[in-house]
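# A structural walkthrough
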Amino acid sequence: MGAAKLAKSYGNKVFAFAGSVTRQARACNDQGIDAFFPVLRDITTLEEAMKILYFTGYLTKEGEYFKESSIFLRVRIPNTEVKTIYQNTILNWMRGMMEKEDFHDLYRAMEDGNAGKMRDILNGQLLRTISFFDSAENFYHGFLAGILSQSENYLVKSNRESGRGRSDIMVKSPSLRGRSFILEIKVSDNIDHLEMDAQKALNQIYDNKYRQELRSEGYRKIDCYGIAFYRKDCEVRFGNGEGE
């Protein structure tokens, strides 16, 4: 607003480009902005957003191909600086969405061994927080770790970058007398495989003795969950150690 006031003091017109024009536009006009030009409308499709990112230089053309008489572009993030902008924007957006949610029901379901309740809550979050299908396991890992880290009663340890031989996520109470959990993630290639892959994830915890790390720290109450994702759906399987 400072630039607008300065320009108005010299009798110049002031024009603003905004992400979208909202009810704040009137207040901005009162501060000296004469007209708005929206870059994005209130509701924007993925196609529209991709066009804007491409034409503003936030995506660079890498190639093109034909499909069903249409031309499609292959694009890439142009440089590290822009990649950092994407990462920070997406992380801040997801963090903001998660901070608005109350996940006490999810933690309670996890403590109770209620895999069905966990599945329903996570499915609801998938529907609300992502507007595209990302089949990368790292995405779902970050999604789940981000939700679980909202708890003030547990510490969340992500082992995604630690290599083989360790579970995906550990959730543990600061007190060794408290609860601890191991979560293993799979990504299915078909929605009909969700149940089978969730069970495979659970079996992997037992087969690879992932609970041993928590036991060596002194935890005695260790529950396990296998979780499989396919697009905006997930399945959860619970185990309390009977597999070992």
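This text gives an overview of the structure that appears in the document. Residue positions are given per chain, counting from 1 as you read along its sequence in written order. Totals for whole chains, interfaces and linings use all residues, but because this is a predicted model, local features are given only for residues with pLDDT of at least 70 and pairs of side-chain atoms are given and counted only at 80 or more. In computing side-chain properties, one takes all heavy atoms of the structure into account and sets aside hydrogens as well as water.

## Brief notes about the overall build of the protein chain
- Helix and strand content of the protein chain: nine helices and nine strands.
- For each residue, the accessible area found with a 1.4 Å probe, counting protein chains only, is set against the maximum for its type, and the residue is called buried under 20%, exposed over 50%, and partly exposed in between. Per-residue burial for the protein chain yields a buried fraction of 34% across its 244 residues.
- By the convention used here, residues are in contact when the closest approach between their heavy atoms is within 4.5 Å. In the protein chain, of all internal contacts separated by at least 6 residues, the share reaching a separation of at least 24 is 51%. Under the DSSP-based scheme used, a helix requires at least four consecutive residues in state H or I and a strand at least two consecutive residues in state E, with every element numbered from the N terminus.

## Observations concerning the packing of aromatic side chains
- For Phe, Tyr and Trp, where Trp contributes only its six-membered ring, two rings pair if their centres lie within 6.5 Å, and the inter-plane angle classes them as stacked under 30 degrees, edge-to-face over 60, or tilted in between. Taken as a whole and judged by the stated rule, the model has four aromatic pairs.
- Taking 4.5 Å as the distance between ring centres and 10° as the angle between the ring planes, the aromatic pair formed by Tyr 140 and Phe 229 counts as stacked. Of the two residues, Tyr 140 is situated in helix H7 (residues 137-148) and Phe 229 in strand S8 (residues 221-230); the sequence distance between them amounts to 89 residues. Here Tyr 140 and Phe 229 have matching classes, each one buried.

## Remarks on the sheet that holds strand S6 (residues 169-172)
- Ordered by their spatial adjacency, five strands build an open sheet running S5-S6-S7-S8-S9, and the pairing between neighbours is mixed. Lying at the two open borders of the sheet, with one neighbouring strand each, are strand S5 (155-158) and strand S9 (233-239). The sheet shows a mean angle of 20° between the axes of neighbouring strands, taken without regard to direction.
- The criterion for strand pairing is that DSSP finds at least two bridges linking the strands in question. Taken together, the seven bridges between S8 and S9 define a ladder with antiparallel strand orientation. By the bridge assignment, Gly 226 is partnered in S9 with Arg 237.
- Strands S5, S6, strand S7 (179-187) and S8 of the sheet are contacted by H7, whose axis makes an angle of about 155° with S7. A fitted line through C-alpha atoms represents every axis, and for helices the fit uses only the stretch in contact; the resulting angles, taken between N-to-C directions, go from 0 to 180 degrees.

## Remarks on H7
- Expected helix span is computed as 1.5 Å times (number of residues minus one). When the terminal C-alpha atoms of H7 are compared, their 17 Å separation across twelve residues agrees well with the 16 Å that a helix rising 1.5 Å per residue should span.
- Of all twelve residues in H7, nine are buried; the element is thus mostly enclosed.
- Those residues of H7 lying buried are Phe 139, Tyr 140, His 141, Phe 143, Leu 144, Ala 145, Gly 146, Ile 147 and Leu 148.

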